[in-house]
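As a plain string of letters, each chain reads:
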Amino acid sequence: MSSLTREEVEKVSLLARLRLSDEELTTMTEQMSQIVSYVELLGEVNTDDVEPMAHAVEQHNIFAEDVPHESLPRDAALANAPKRDDECFRVPAVLGE
């Protein structure tokens, strides 16, 4: 079974924009290697008679019905806005004037 190198984990952490200490890199290298080994082990299971599926449990129409209801009052919607006026959220212009 293959294991990950420290350099591979450093590259993954760079791509994920994670700043890991030397100790964290060592820990993550060990843990991620165990995960990769486990996934390789799963590849050995005979799945010839198993039909592919998106979910482990069959699900039908899991969405709630779209029913109109009273909206949130404007003051409540704007209560935690970092910048606002009497009616709207205030955001920096992105398309110019």
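Residues numbered from 1 in each chain as written. Predicted model: local features only at pLDDT ≥ 70, side-chain atom pairs only at ≥ 80, totals over all residues. Heavy atoms only, no water.

Notes on the pattern of salt bridges
Move 1: Under the definition given, this model contains three salt bridges.
Move 2: Ionic pairing is found between Glu-10 and Arg-6, a salt bridge with its closest N-O pair at 3.7 Å. In this pair, Glu-10 and Arg-6 are both assigned in helix H1 (residues 6–15), four residues apart and thus about one turn of the helix distant.
Move 3: Looking at Arg-6, the relative accessible area reads 27%, which means it is partly exposed. (Salt bridge = Lys/Arg side-chain N within 4 Å of Asp/Glu carboxyl O. Helix = DSSP H or I, 4+ residues; strand = E, 2+ residues; numbered from the N terminus. Buried < 20%, exposed > 50% of the residue type's maximum accessible area, 1.4 Å probe, protein only.)

Some words on the side chain of Thr-29
Move 1: For Thr-29, the position within the fold is in helix H2 (residues 22–42).
Move 2: In this structure, Thr-29 is in contact with Leu-4, Thr-5, Arg-6 and Val-9, ignoring residues within four places of it in sequence. (Contact = heavy atoms within 4.5 Å.)

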